[in-house]
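Structural description and commentary
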Amino acid sequence: MLDPKLYRDHPEKVREGLRRRGASFDLDGLLRLDQEKRALGTELDGLKAERNAASESIAQLKRAGKDASEAIEKTRTTGDRIKDLQIRFDVIEERARDLALLCPNLPHASVPDGKSSADNKVAATWGEDLRARAEARVVPDHIEIGMKLKLFDFERGAKISGSGFPIFTGAGARLERALINFFLDTHVKAGFTEVSPPYLVNRASMVGTGQLPKFEEDMYRSDGENRDRDLFLVPTAEVPVTNMHADEILDGASLPVSYCAFTACFRREAGSWGADTRGFLRLHQFDKVEMVRFSAPENSYEQLESLRAQAEKLLQLLELPYRVLELCAGDMGFGAAKCYDLEVWAPAEKKWLEVSSVSNFEDFQARRANIRAKSGGQTRFLHTLNGSGLATPRVLVSFLETHYTERGTVRIPEALRPWMGGLEEIAAA
RNA sequence: GGAAGGGUGGCCGAGUGGUUUAAGGCAUCAGUCUCGAAAACUGAAGUACGGGCAACUGUACCGUGAGUUCAAAUCUCACCUCUUCCGCCA
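What you are looking at is a predicted structure, and each value in this text was computed from that prediction instead of being measured.

The subject of this paragraph is the domain arrangement of chain A. Taken domain by domain, chain A holds domain 1 (4-100) and domain 2 (117-426). Put simply, the middle of domain 1 and the middle of domain 2, counted by C-alpha atoms, are 43 Å apart.

This is the structure in structure tokens:
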């Protein structure tokens, strides 16, 4: 949610930000509703002040032992007017809030212009040589490798759940688990606090991080006895972990606060049928370790760089070539003010795969979830950031294709071996 | 699932429908004292929204939502949630 003062006092700035994003949002409608809400509010407050004064004089009459029935009778009509006006005010206020929740965040000044993923800027690359080496020979793709080594089973996953729900088997399941533990342990060592949150969250939490109200069709929902009791399968650990501190005031001196969490992630991927449906590239359920950071507003962009470095470190340790994209204004997610994507190279797919998205939301989520920090006697919305660290299925694709050996085995990079019981390579059983 | 008891500011914790402008304490900030600090003492201090150039001022907020009333932290109803006990259970 944007700061109301921003669109009230500087609507042209908001308009410019929306234009850069290529977002269609009814800013004029929001400004009209906001104006109407304030006019009604002023009138309503005046009536309430009138009633409070009348009640006070009634109290004085009664205390003095005098008859107050005439004053009570007169105040009754004020009460009726308040009731009417209150209903009108509530309707307008709700409409204003509903609309404000649909407005995306504005891009930070450093975010490059652009309309789509084609306009993203390559900010860094790592492992060029490895990539060239991997490309120099013909490599079977991850599905073929996985079938040969019996690492997963798409058909049986589809039988029990549907497409997009693979089963990991044997060394594949082991590798998946090893990656997760390797990620978590690396983060904990770097000072992150590990949390294991619920996989089902309420509607308020989904609104807090910005998945709702706009993207409900992409979420798995379990209906409650009413709307407020609906539960949603988490699309990312960002949702439960960020909302852990909803409606709280954190001690400013404790910032930044950093968490890491493993969860399965659930996405309907509505509307993307046919795109990347083969293999692991687009799933309805996948595993991911997420980093979430609560930062003071002053240095959230330093924190963004440090989160990005933390995610990069994992890929370096896994010896997977990657590049870092600085997303353009038109390609960023709904709530992000600035965002980097980490993409690994998949030699057989011959394409880059997004395995991490690292974003600074500034106070966009903090406003929605009401997360503040107090320092120096001042209470302000803090800044929230998060980054994948990392999403396993796509890492696995690159991992299998990159570390596939001429002997038909998959080499385990040294950094991961402690989590694989010292195993040096995965071979056919 | 059943029974009982709770939910009040950053935290703990009082609170008879109308001096509640929410007692008191802790923590915080400022001052006095001190070479400096601690302690002690004195004082300040909730959050959000609106109006005003400003000093200031209005409204709302005691788990959430309805209701009763001229007036609700206080009374009524529903719900959420926590604690304890019982039952069931991985």
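Another aspect to go through is the packing of helix H8 (residues 170-189) against helix H11 (residues 300-317). Where H8 contacts H11, the axes come no closer than 11 Å and their chain directions differ by 130°. One element, H8, and the other, H11, form an angle in the oblique class. The two elements H8 and H11 meet at a crossing, and its hand is right-handed. The residues of H11 that touch H8, namely those facing Phe182, Phe183, Thr186 and His187, are Gln310, Lys313, Leu314 and Leu317. Of the residues assigned to the contact of H8 with H11, the class counts are 4 nonpolar, 3 polar and 1 charged.

Surveying the vicinity of RNA strand B reveals 18 residues, the closest of which are Arg8, Thr42, Ser55, Thr75 and Arg76. Among the atoms of RNA strand B close to the protein, meaning within 4 Å, 70% are from sugar or phosphate groups. With respect to RNA strand B, the side chain of Asp45 contributes an N or O atom lying 3.0 Å from a sugar or linking oxygen. In the environment of RNA strand B, a base nitrogen lies 3.0 Å from a nitrogen or oxygen atom belonging to the backbone of Ser55. Those elements that place two or more of their residues in the surface near RNA strand B are helix H3 (27-63) and helix H4 (69-100). With 12 residues, H3 is the single largest residue contributor to the surface near RNA strand B.

The subject of this paragraph is the sheet that holds strand S14 (residues 371-375). Strand order across the open sheet formed by 3 strands is S8-S14-S15, with mixed pairing between neighbours. Two strands bound the open sheet, and with one partner strand each, they are strand S8 (248-251) and strand S15 (378-381). Across the sheet, the mean angle from the axis of one strand to that of its neighbour is 35°, orientation sign disregarded. Note: S14 against S15, 4 bridges, orientation antiparallel. For Arg372, the partnering residue across the bridge sits in S15 and is Phe381.

On to H4. The end-to-end C-alpha separation of H4 is 46 Å, in line with the 46 Å expected for 32 residues at 1.5 Å each. Within the sequence span of H4, burial applies to Thr75, Thr78, Gly79, Ile82, Leu85, Phe89, Ile92, Ala96, Leu99 and Ala100. Looking at the buried positions of H4, the neighbouring elements they touch are H3.

For the structure shown, the criterion picks out 13 aromatic pairs. Their ring planes at 50° and their centres at 5.2 Å tell us that Phe154 and Phe280 sit as a pair that is tilted. Placement of the pair is Phe154 in helix H7 (residues 154-160) and Phe280 in the loop between strand S9 (257-266) and strand S10 (285-295), with a sequence separation of 126 residues. Seen in terms of ring centroids, Phe168 and Phe280 are 5.3 Å apart; in terms of plane orientation they differ by 5°. Their pairing is stacked. Remark: Phe280 occurs in the loop between S9 and S10 and Phe168 occurs in strand S3 (residues 167-168); sequence separation between them is 112 residues. An aromatic cluster of at least three residues, connected via ring pairs, comprises Phe152, Phe154, Phe168 and Phe280. Stacked on the ring of Tyr340, the Lys or Arg Arg308 has its end atom at 4.8 Å from the ring centre.

Reading guide: rules and limits
- Residues numbered from 1 in each chain as written.
- Chains lettered and ligands numbered in written order.
- Predicted model: local features only at pLDDT ≥ 70, side-chain atom pairs only at ≥ 80, totals over all residues.
- Heavy atoms only, no water.
- Domains from an automatic or database assignment.
- Axes fitted to C-alpha atoms, helices over the stretch in contact; angles between N-to-C directions.
- Helix = DSSP H or I, 4+ residues; strand = E, 2+ residues; numbered from the N terminus.
- Parallel < 35°, antiparallel > 145°, perpendicular 65-115°, else oblique.
- Left-handed = near helix turned anticlockwise from the far one by under 90°.
- Contact = heavy atoms within 4.5 Å.
- Nonpolar A, V, L, I, M, F, W, Y, C, P; charged D, E, K, R; others polar.
- Near = heavy atom within 4 Å.
- Polar contact = N/O pair within 3.5 Å; in protein donor to acceptor, adjacent residues only side chain to side chain.
- Pairing = 2+ DSSP bridges.
- Expected span 1.5 Å × (residues − 1).
- Buried < 20%, exposed > 50% of the residue type's maximum accessible area, 1.4 Å probe, protein only.
- Phe/Tyr/Trp six-rings, centres within 6.5 Å; stacked < 30°, edge-to-face > 60°.
- Lys NZ or Arg CZ within 6 Å of the ring centre and 35° of its normal.

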